[in-house]
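# Topology and contacts: notes
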Amino acid sequence: MAASSGWQRTHWCGDLRLEHEGRDVTLNGWVHRRRDHGGLIFVDLRDRSGIVQIVFSPQTDAEAYEMADTLRSEYVVSVKGTVRRRLPGAENPELPTGRIEVDGRHVEILSRAGSLPFGIDDRTEVDEAVRLRHRALDLRRPVMQRNIIMRHKAAQAVRGFLNAEGFLEIETPMLTRSTPEGARDYLVPSRVHPGHFYALPQSPQLFKQLLMVSGFERYYQLARCFRDEDLRADRQPEFTQIDVEMSFVDTEDVLDVMERLIVHVFKEAAGIELPVPFPRLSYDEAVERYGSDKPDLRFGMELVDVSDIVARSGFRVFSGAVKQGGRVKVLNVKGKGGMTRREIDELTELAVQWGAKGLAWIAVEEGGVRSPIAKFLSEDELSAVLEAAGAAPGDMLLFAADRREVAAEILGRLRVRLGREIFSPDPRQFAPVWIVDWPLFHRDPETGELDSAHHPFTSPVDEHVELLKTEPERVRAKAYDLVINGYELGGGSIRIHRRDVQEMVFDVLGLSREEARDKFGFLLDAFEHGTPPHGGVAFGFDRLIMLLVGTDNIRDVIPFPKTQSASCLLTQAPSPVDPAQLKELHIRTDVPAPEPA
RNA sequence: GGGGGCGUGGUGUAGCGGUUAACACGCCGGCCUGUCACGCCGGAGAUCGCGGGUUCGAUUCCCGUCGCUCCCGCCA
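Let me sum up the structure you'll find in this document. These numbers come from a predicted model, not from an experiment. The numbers attached to residues start from 1 for each chain and follow its sequence in the written order. Written order decides the labels, with chains lettered from A and ligands numbered from 1. Thresholds applied to this predicted model are a pLDDT of at least 70 for local features of residues and 80 or more for the giving and counting of side-chain atom pairs; totals over whole chains, interfaces and linings are not thresholded and use all residues. Excluded from the side-chain calculation are hydrogens and water; included are all heavy atoms of the structure.

### Remarks on the protein's contact with RNA strand B
- Only heavy atoms are used to decide nearness, and a residue is near a molecule or strand if one of them lies within 4 Å of it. Taken together, 52 residues lie near RNA strand B, and D36, Q59, A90, E101 and H454 sit nearest.
- In RNA strand B, atoms within 4 Å of the protein come from the sugar-phosphate backbone in 51% of cases.
- One of the backbone nitrogen or oxygen atoms of D36 is found 2.4 Å away from a base nitrogen of RNA strand B.
- Contact distances for RNA strand B include 3.3 Å between a phosphate oxygen and a side-chain N or O atom of R227.
- Elements supplying a minimum of two residues to the surface near RNA strand B: strand 1 (24-36), strand 2 (41-47) and helix 2 (128-133).
- Working definition: helices are DSSP H or I runs of at least four residues, strands are E runs of at least two. Numbering for both runs from the N terminus. In terms of residue count, the dominant contributor to the surface near RNA strand B is strand 1 (three residues).
- Split by residue class, the surface near RNA strand B holds 14 nonpolar, 17 polar and 21 charged. N or O atoms closer than or at 3.5 Å make up a polar contact, with two conditions inside protein: a donor-capable atom paired with an acceptor-capable one, and, for residues adjacent in sequence, both atoms drawn from side chains. Amino acids outside the nonpolar list (Ala, Val, Leu, Ile, Met, Phe, Trp, Tyr, Cys, Pro) and the charged list (Asp, Glu, Lys, Arg) are all regarded as polar, and Gly is one of them.

Here it is as structure tokens:
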């Protein structure tokens, strides 16, 4: 405790309780609100711990009272006074400190504040651009304080757990080499090597594998990652991963530790008990039943495949799709049979935007149906479809007929959209699920070429290694994703540690030895020097915090985020630089000059 | 790269061919000894994002542009 003669705090505002009654305290903080009653002034003093009421009255100290009269919002002050029980009837049950108040005997203004662009208040809605421009002030708001504190707690919980499990926190370079795969790189020019560039890491993937070759066995890092792609509400160009890698493990070992990690963090940081063990869904099952590889399991509304029922139907859209090897799937939107034509049109528009050719629908009514397609279906087909979909009067059935994945995806997206509307699931309810048994490769529908579903170092399951040569599309990977409430929280895989398997995978990807050597030479070389079986995970730390605090805006959990156009409204980054800087870096820019007025 | 939404005192909104540009909060001043989103009275504060066009006249209509935002593509 600091010497009580100075202005420095002896207590935190939010900590004061009845047990402090009679105690002389010195508090530091911001003037949250001032209520001037003429002969009596109340000041709500706020620090990071919370708020406490100070009372200034001329009877206690005339000088302090005079001083309190000059206080304004967000002045930074030091207050001395005595904690006392509030008068009966004057308690405030809304405040943790509401049963006491501080009888103010002295105020010192440490710093004044001018008029503010917005109030420090969770109630007032302020445009986000204004908040970002004045981020320091915005971060004073209690909700933002909570978010950032939650971020801290979660980080400490991660470290605490992994340290106890024998993991080592190890840093990897920020200035590294550009690789052509994946997202666009952020580049950093080299002064020393004209025309050469570093790249900021998209993830420490290769380095953490090298650390396994190095024998560190268990690695983690809260790793900053960079991807120069377009932003979303849940995507920033610079973000943080909980990056983990382990040696001498197989899938079950990784899932076990990581599940316990996530459970620990939810409990430790937010006091939330997750249901254990996390259920598991195969990739195929997730797509089949939920139309997504990241299903929101807080509600049901599963997709039903009715291809067999309508395979020979007179409705060509259905039978034709099946004939061409596609599927017809239905989503029962419970209780939404009353949808208007306009609402259906809007959904159709969305479906088309997502790649559907259209959206067939049947509204189930008491003793019949309303539908533009019912007349093309036989009685038997119709009743079989209704039964398969579990339809009851008042339901709305939406159909997609397309390639298997497309049909599932369209309805999957509609399921999430409509499901969240209908069930409005509680953001404090959590439905974690491991998605396992991923395919090793995806076929690009445009080019027809095979591509890694995860990344090229992902190991196939042991029994499918031989299939690499014959039927690569059937090969399953030792890959897994953790999904919570429809958010992909993270994923990982067991890596290939055998050269022959790695080469087979490169062959499937159409990557020549030379290309492989050129791109990943340093990793392949290291693999020649004794590589343990290893695997790991990366979790999106920002998304984790989003779940813990219940926001759907990633900017609410990052102290200094970028806008959607990847600029920082606080610092005005990115910005032009001095030509001399560019010259030194051997860079000439090629920006079209603005049209002369 | 594409589509949608928004831009009016400090903040949030209303107005939508001609207004003294309205309201709430905040701010400033006054009054008030038990408030806690205190109350009451008074006041200051807006080139209606920017540029162009249509019009006798544009905050309002049109085009462009900038910024913010949501989504699609993209994000191994």
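Text resumes after the structure shown.
### Examining the packing of helix 6 (residues 251-270) against helix 16 (residues 541-549)
- Direction vectors running N to C along helix 6 and helix 16 enclose 50°, while the axes themselves pass 11 Å from each other. For the element pair helix 6 / helix 16, the angle class is oblique. Crossing angle aside, the handedness with which helix 6 passes helix 16 is right-handed. Side by side, helix 6 and helix 16 meet where V265, F266, A269 and A270 of the first sit next to L544, L547 and L548 of the second.
- Broken down by class, the residue content of the contact of helix 6 with helix 16 amounts to seven nonpolar, no polar and no charged. An axis is simply a line fitted to the C-alpha atoms; with a helix, the fit covers only the stretch in contact. Between two such axes, the angle follows the N-to-C directions and lies from 0 to 180 degrees. Note that the term roughly parallel is reserved for angles under 35 degrees, roughly antiparallel for angles over 145, roughly perpendicular for angles of 65 to 115, and oblique for everything else. For a crossing to be left-handed, the near helix must be turned anticlockwise from the far one by less than a right angle; the clockwise case is right-handed. Whether two residues are in contact is decided by their heavy atoms: any pair within 4.5 Å suffices.

### A few points about empty space enclosed by the protein
- Computed over the protein atoms alone on a 1 Å grid, cavities are sets of points where a 1.4 Å probe fits but cannot get out and pockets are open sets with protein on both sides within 12 Å along at least five of seven lines; a residue lines them when it has an atom within 4 Å of a point. Grid points are joined across faces, edges and corners, and a volume is the space filled by probe spheres set on the points. Enumeration according to the criterion identifies one cavity of 30 Å³ or more in this entry.
- When its volume is computed, the largest cavity comes out at roughly 40 Å³.
- L132, R135, F560, P561, C568, L569 and L570 are the residues that line the largest cavity.
- For the lining of the largest cavity, the class distribution of residues is six nonpolar, no polar and one charged.

### Overview of the nonpolar core
- Counting residues in each nonpolar core, the largest one holds 47 residues, and the members touching the most others are M258, F266, F539 and L548.
- In terms of residue count, the dominant contributor to this core is helix 6 (ten residues). We call a set of buried Ala, Val, Leu, Ile, Met, Phe, Trp, Tyr and Cys residues a nonpolar core when their side-chain atoms join them within 4.5 Å. Residue burial is assigned from relative accessible area. The probe radius is 1.4 Å, only protein chains are included, and a residue is buried under 20% of its type maximum, exposed over 50%, and partly exposed in between.

### Regarding the pattern of salt bridges
- Definition used for salt bridges: Asp or Glu carboxyl oxygen within 4 Å of a side-chain nitrogen of Lys or Arg. As enumerated under the stated definition, the model contains 58 salt bridges in all.
- Put simply, R46 and E74 hold a salt bridge, and the shortest N to O gap is 2.9 Å. Taken as a pair, R46 in strand 2 and E74 in the loop between helix 1 (62-69) and strand 4 (76-85) lie far apart in primary sequence, 28 residues in all.
- Look at E74 and you get buried, because its relative accessible area is 3%.
- A salt bridge links R341 to D345; its shortest N-O distance comes to 3.7 Å. In this pair, R341 and D345 both sit in helix 10 (residues 341-353), four residues apart, roughly one turn of the helix.
- Through salt bridges that share partners, R131, R135, D138, R141 and D556 make up one connected network.

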